[in-house]
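Residue strings, one per chain:
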Amino acid sequence: MNLADLNKVALAMVAPGKGLLAADESSGTIRKRFDAINVASTEESRRDYREMLFRTTEAMTQCISGVILYDETIWQDAKDGTPLIRLIEQAGAIPGIKVDEGTQALPGCPGELVTAGLDNLAGRLKKYYDRGARFAKWRAVIDIGAGYGTGGRKIPTMTAIHVNAHALARYAALCQAAQIVPIVEPEVLMDGDHDIDRCYEVTQRVLNKTFQELRIQRVALEGMVLKPNMVVPGKKSASQSPVEEVAEKTIRLLKACVPAAVPGIAFLSGGQSDEDATAHLDAMNRIGNLPWRLTFSYGRALQAAPQKAWLGKAENVAAGQRAFDHRARMNSLASKGEWKPDLEAKKAG
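Described below are features of the structure shown in this document.

1. Regarding the overall build of the protein chain
Move 1: The helix and strand tally for the protein chain stands at 13 helices and ten strands.
Move 2: Against the 2.2 N^0.38 benchmark of 20 Å for 349 residues, the protein chain shows a C-alpha radius of gyration of 19 Å, consistent with a compact globule.
Move 3: Taken along its principal axes, the extent of the C-alpha atoms in the protein chain is 55 × 45 × 40 Å.
Move 4: Looking at the protein chain residue by residue over its 349 residues, the buried ones come to 57%.
Move 5: Sequence separation of 24 or more characterises 78% of the internal contacts of the protein chain that already satisfy a separation of 6 or more.
Move 6: For the protein chain, the accessible surface area stands at approximately 14000 Å², while carbon and sulfur atoms represent 50% of it.
Move 7: The protein chain carries 45 positive and 41 negative side-chain charges, and their two centres are separated by 2 Å.

2. Observations regarding the environment of Gly132
Move 1: Here Gly132 lies in the loop between helix H7 (121-131) and strand E6 (135-142).
Move 2: C-alpha of Gly132 to C-alpha of Ile74: the two residues are 58 residues apart in sequence and 8.8 Å apart in space.
Move 3: Filtering out sequence-adjacent residues up to four positions away, Gly132 remains in contact with Ile85, Glu89 and Pro95.

3. Topic: the packing of aromatic side chains
Move 1: Scanning the entire structure with this criterion turns up six aromatic pairs.
Move 2: Three or more aromatic residues joined by ring pairs form one cluster here, namely Phe34, Tyr49 and Trp310.
Move 3: Over the face of the ring belonging to Tyr129 we find Arg134, whose NZ or CZ atom lies 3.7 Å from the ring centre.

4. A short note on the pattern of salt bridges
Move 1: Throughout the structure, instances matching the rule amount to 27 salt bridges.
Move 2: With a closest N to O distance of 2.8 Å, Asp24 and Lys137 form a salt bridge. Here Asp24 is found in the loop between strand E1 (19-23) and helix H2 (27-36), whereas its partner Lys137 is found in strand E6, with 113 residues between them in sequence.
Move 3: Take Asp24: its relative accessible area is 8%, and that puts it in the buried class.
Move 4: With a relative accessible area of 6%, Lys137 lands in the buried category.
Move 5: Glu338 is paired through a salt bridge with Lys336; the nearest N and O atoms lie 3.8 Å apart.
Move 6: Connected through shared salt-bridge partners, Glu44, Arg47, Asp48, Glu51, Arg55, Lys79 and Asp80 make up one network.

5. Digging into the sheet that holds strand E9 (residues 264-267)
Move 1: As summarised here, the arrangement of the eight strands in space is E1-E2-E3-E6-E7-E8-E9-E10, forming a closed barrel in which the pairing is parallel.
Move 2: Pairing of E1 with strand E10 (residues 293-298) involves two bridges; the strand directions are parallel. Pairing of Leu21 across the sheet is with Tyr298, part of E10.
Move 3: With respect to the sheet, helix H1 (residues 3-13) is in contact with E1, strand E2 (64-69), strand E3 (94-98), E6, strand E7 (181-188), strand E8 (225-226) and E10, its orientation differing from that of E7 by roughly 50°.
Move 4: With respect to the sheet, helix H13 (residues 317-334) is in contact with E1, E2 and E10, its orientation differing from that of E10 by roughly 160°.

Analysis parameters
Residues numbered from 1 in each chain as written. Predicted model: local features only at pLDDT ≥ 70, side-chain atom pairs only at ≥ 80, totals over all residues. Heavy atoms only, no water. Helix = DSSP H or I, 4+ residues; strand = E, 2+ residues; numbered from the N terminus. Rg over C-alpha atoms; globule rule 2.2 N^0.38 Å. Buried < 20%, exposed > 50% of the residue type's maximum accessible area, 1.4 Å probe, protein only. Contact = heavy atoms within 4.5 Å. Areas by Shrake-Rupley, 256 points an atom, 1.4 Å probe, with all protein chains shown as cover. Lys, Arg positive; Asp, Glu negative; His and termini not counted. Charge placed at Lys NZ, Arg CZ, Asp CG, Glu CD. Phe/Tyr/Trp six-rings, centres within 6.5 Å; stacked < 30°, edge-to-face > 60°. Lys NZ or Arg CZ within 6 Å of the ring centre and 35° of its normal. Salt bridge = Lys/Arg side-chain N within 4 Å of Asp/Glu carboxyl O. Pairing = 2+ DSSP bridges. Axes fitted to C-alpha atoms, helices over the stretch in contact; angles between N-to-C directions.

Pasting the structure below:
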């Protein structure tokens, strides 16, 4: 492992004014997104859609530091035969790859999940590195259950938190051994009706356990990027929190749990609206005086608008690119604490 090189890539991933495009939707997830805009999900349509994003020159060169790819995409070529991964590199962005293989039921813990994909990961990482990937992503999913699960255990159980943190750390260690920067993503879901303080409590347990496991697995913190959820109430909560409260509580939690050695934190949007995800990131960066860089690693919050503009039609590619460029610019500003709500009204065409 060359830690200096890993650190260089990690810092580039969270470069000022730039963030990550999460374009790593599984086949099932992108089918749902395409169903919503009445587009058939085929290998060709998925290729065309992602090529549209990667060829959005201004967004890709000025606002996007790297792109998380799905296995299908990293091997695909654009319509003109150029590998899609080369389009990302030509824009000055870093190609990355989602390496987890989704979730499965966690034995003994009804309603809870563990992420799969550690088997043969070392071999897969070598192939991805040879293809050009320089960072990877692994998502752990932690649910906040209403009430108590089987046997009177409150969800999430310590079992679920432990096994997912352990898997994240094993994945991260394997990545660094393969000279790939790991994005460590322990996502506490915002589904449910819990309030913001319950989210804070659970996320604190998850982050503390994750960093304990990373230390046990000898993961070099300088060569990784953290991708956490923000501290927000559940989507069904009767008590939704103002932007300033989300920002203050998220920063307070991160300062308590995340070592300063971590180069950067790239938040997931987690089901927030486009503008909420931008406003929360902006408010956190306005607090300032932080030991790590804060930016975005958004999927739906960057892509919902371009998908609606594109609708699977070649004649709408320019409109889709304008929509993507706008959301990328808004989040670029938010990553510097320079976003203002009135800028949203100045959308390109």
